[in-house]
Every structure is written in C-alpha cells, then in structure tokens.
Amino acid sequence: MRVNKKAVGSSFDDFLKEEGDYEMAQAVAIKRVLAYQIQKAMKQKHLAKAEMAKRMDTSRSQLERLLDPRNYSLTLTTLARASHVLGREIRFELV
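Cut-offs used in this document
- Residues numbered from 1 in each chain as written.
- Predicted model: local features only at pLDDT ≥ 70, side-chain atom pairs only at ≥ 80, totals over all residues.
- Heavy atoms only, no water.
- Helix = DSSP H or I, 4+ residues; strand = E, 2+ residues; numbered from the N terminus.
- Rg over C-alpha atoms; globule rule 2.2 N^0.38 Å.
- Buried < 20%, exposed > 50% of the residue type's maximum accessible area, 1.4 Å probe, protein only.
- Contact = heavy atoms within 4.5 Å.
- Areas by Shrake-Rupley, 256 points an atom, 1.4 Å probe, with all protein chains shown as cover.

What's the story with the overall build of the protein chain in this structure? I'm lost.
Looking only at helices and strands, one finds five helices and zero strands in the protein chain. Each helix and strand of the protein chain, placed in order from N terminus to C terminus, yields the pattern α-α-α-α-α. For 95 residues, the compact-globule formula gives about 12 Å, and the C-alpha radius of gyration of the protein chain, at 18 Å, lies well above that figure. For the protein chain, the spread of C-alpha atoms along the three principal axes comes to 60 × 25 × 20 Å. By the burial criterion, 24% of the 95 residues in the protein chain qualify as buried. Intrachain contacts of the protein chain at a sequence separation of at least 6 include 54% that bridge at least 24 residues. With the model as given, the accessible surface of the protein chain reaches about 7700 Å², and the carbon-plus-sulfur share is 53%.

Encoded structure:
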C-alpha cells in the first residue's frame, strides 16, 4: 500500500477545508459547546427547562432547540436571552 505524501503531516482542519466541510464542522462544534455550557449553567442555578423558558420569555420547544447540540439554527436573540437569565455574557471574536 502506498501512502499519499500530500496527506502526511497535514492537519484535520486542512482535510476538512479540502473536503469543503470546515465551516459546517466549526458550526457544529460551536453549537455543541454552547448547548453544553447552557445546560451546565442551568444545572448550577437549579433551573428546570420550564422555568428557564419562562424566564427567557420563550417556549419550551424553543429552549429545546437551543439545547439540542444537533440543531444548528440559533438566533443571537435567543442566545442573548439565555445568557441574560443565566447571568453570563456572550463573547464573539473574528480571528
């Protein structure tokens, strides 16, 4: 078996870019981290989903979408409401 010399030493990011999947992989990773962080903060504050949704002035189903790591659609408004209820701030950075 012959090893492709081009692949040796390349990074996973490079592979994803070559395949055209880099941006989607980033979006998936970011959403999973956000969902985890929100769930963790809710647990620390002893907030049930129903109470969290009420304090966010949104539906329970909207909160479920926010907490679902596989649901990549997310509005900044929903994220801002969640962070406000949890006493956290949001930081975005373009690098």
